[in-house]
Every structure is written in C-alpha cells, then in structure tokens.
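A look at the structure
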Amino acid sequence: MSKRVLIVATDGFEQSELEGPRKALEDAGIETVVASLKAGSITGWKDKNWGDAVAVNITLDEVDANEYDALLLPGGQMNPDILRMDDRAVDIVNEFDDLDKPIAAICHGPWLLVEADIVDGRTVTGWPSIMTDLANAGADVVDEEVAVDGNLITSRKPDDIPAFSKALIEMLADD
C-alpha cells in the first residue's frame with residue numbers, strides 16, 4: 001500500500017516549499033493530498049509576488065490523521081501565520097504528533113509546531129526570524145539544513161528542500 005502525506009497550506013505558502021517536497025514525494029511513489037482552510041485552490045508566494053495556484057483536495061475539517069502517514073507544513077511567512085491562528089490546523093499538528101507520525105515543517109512552517117506546543121525539549125530549525133520563537137517555546141534550535149528529532153523534521157529555507165525532502169522520504173521508508 002502506498003504511503004500518503006498530508007500537506008496543510010493556505011494562500012501565501014512559499015511556492016517552492018510546497019511544490020519541491022511534493023514533487024520529491026510523488027517521484028518516490030508517495031501520494032500527496034493538499035488540505036486547506038477552503039475548497040478550490042490556494043495561491044503561492046514566489047519571488048516577492050503572488051505565485052501559482054495549487055488545487056486543494058480537502059478542507060481541514062475533512063482531515064482524519066489516521067488516513068495519512070505523515071504531515072508536511074510548507075513555509076512562507078503568510079501561510080503558517082494564518083494557519084497557526086486556526087484551531088483545526090493546530091489540532092491536526094497535535095493529532096499527527098499524538099500518533100507519532102512524521103511532521104515535516106520548513107522555513108516559517110515550524111511556527112505551527114510552536115502553536116501546537118510540541119517543540120519543548122526538541123531539536124529543531126527554521127527560518128532565522130523564527131528561531132527566537134522556537135527557543136522561547138523550549139526548543140533546542142540549530143542552524144542546519146535539516147534537523148530530525150523523533151517524528152519532527154525541520155528545515156530553514158528553500159535551499160534546504162533536497163535534504164528536507166530526503167529526510168521525510170527516508171523516515172517514511174523506515175516505517
């Protein structure tokens with residue numbers, strides 16, 4: 001049976017941080033499902049302007065964490081800032097963590113991990129401007145292209161996408 005990864009994002013996601021890992025996962029034979037606050041499509045952010053639309057497969061209210069093998073949280077500044085204010089988005093992060101399923105968050109994506117209160121005592125990384133937020137939430141913050149601690153995989157920026165994607169694919173292969 002094929003692995004399935006849930007990608008939670010909304011308008012303003014960093015284009016490369018959704019599409020890059022998604023392509024790597026799909027190239028590895030892993031199914032991806034995009035969930036968002038609303039049905040239809042969401043629009044990315046690329047090169048300091050609006051990017052391309054991505055189709056939404058399901059809304060957050062339709063998500064059942066038991067149906068997926070991992071959670072992917074792309075960054076971009078707007079996307080995770082909006083999502084961390086949504087109770088259902090935060091609940092989804094907690095559900096995946098409670099099930100000890102991989103949670104991969106890149107760039108500003110780890111803001112959702114802070115909001116879900118799951119970084120205390122864990123080694124994580126993220127975009128430079130959120131490192132203080134991660135540390136204030138009790139995380140051991142490192143400046144590395146990928147940090148893996150238990151079920152958490154975090155990365156800093158678009159340049160880290162290859163290592164980030166590889167870490168998630170390897171964790172799914174080990175399941």
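Up top you'll find the structure we're talking about.
The structure displayed is predicted, hence computed values, not measured ones.

Let's shift gears to unusual backbone geometry. Unlike most non-glycine residues, Lys48 shows phi in positive territory, near 65 degrees. Looking at the secondary structure, you find Lys48 in the loop between strand 4 (40-46) and strand 5 (49-56). Positioned with a positive phi, Cys107 is a non-glycine residue whose angle comes to about 65 degrees. Here Cys107 is to be found in the loop between strand 8 (103-106) and helix 4 (110-115). Cys107 sits in the buried class, given a relative accessible area of 6%.

Within the secondary structure, Val33 sits in strand 3 (residues 31-36). Taking C-alpha positions, Val33 is 6.0 Å from Asn57, a pair spaced 24 residues apart along the chain. If we skip the residues at most four places from it in the chain, Val33 touches Arg4, Val5, Leu6, Ile7, Asn57, Ile58 and Tyr68.

With that settled, consider the packing of aromatic side chains. This structure, assessed with the given rule, holds one aromatic pair. Aromatic side chains Trp45 and Trp50 sit 5.0 Å apart centroid to centroid with 85 degrees between the ring planes, which places their arrangement in the edge-to-face category. Overall, Trp45 belongs to the partly exposed group, its relative accessible area being 26%. On the accessibility criterion, Trp50 (46% relative accessible area) is partly exposed.

The rules we used
Residues numbered from 1 in each chain as written. Predicted model: local features only at pLDDT ≥ 70, side-chain atom pairs only at ≥ 80, totals over all residues. Heavy atoms only, no water. Helix = DSSP H or I, 4+ residues; strand = E, 2+ residues; numbered from the N terminus. Buried < 20%, exposed > 50% of the residue type's maximum accessible area, 1.4 Å probe, protein only. Contact = heavy atoms within 4.5 Å. Phe/Tyr/Trp six-rings, centres within 6.5 Å; stacked < 30°, edge-to-face > 60°.

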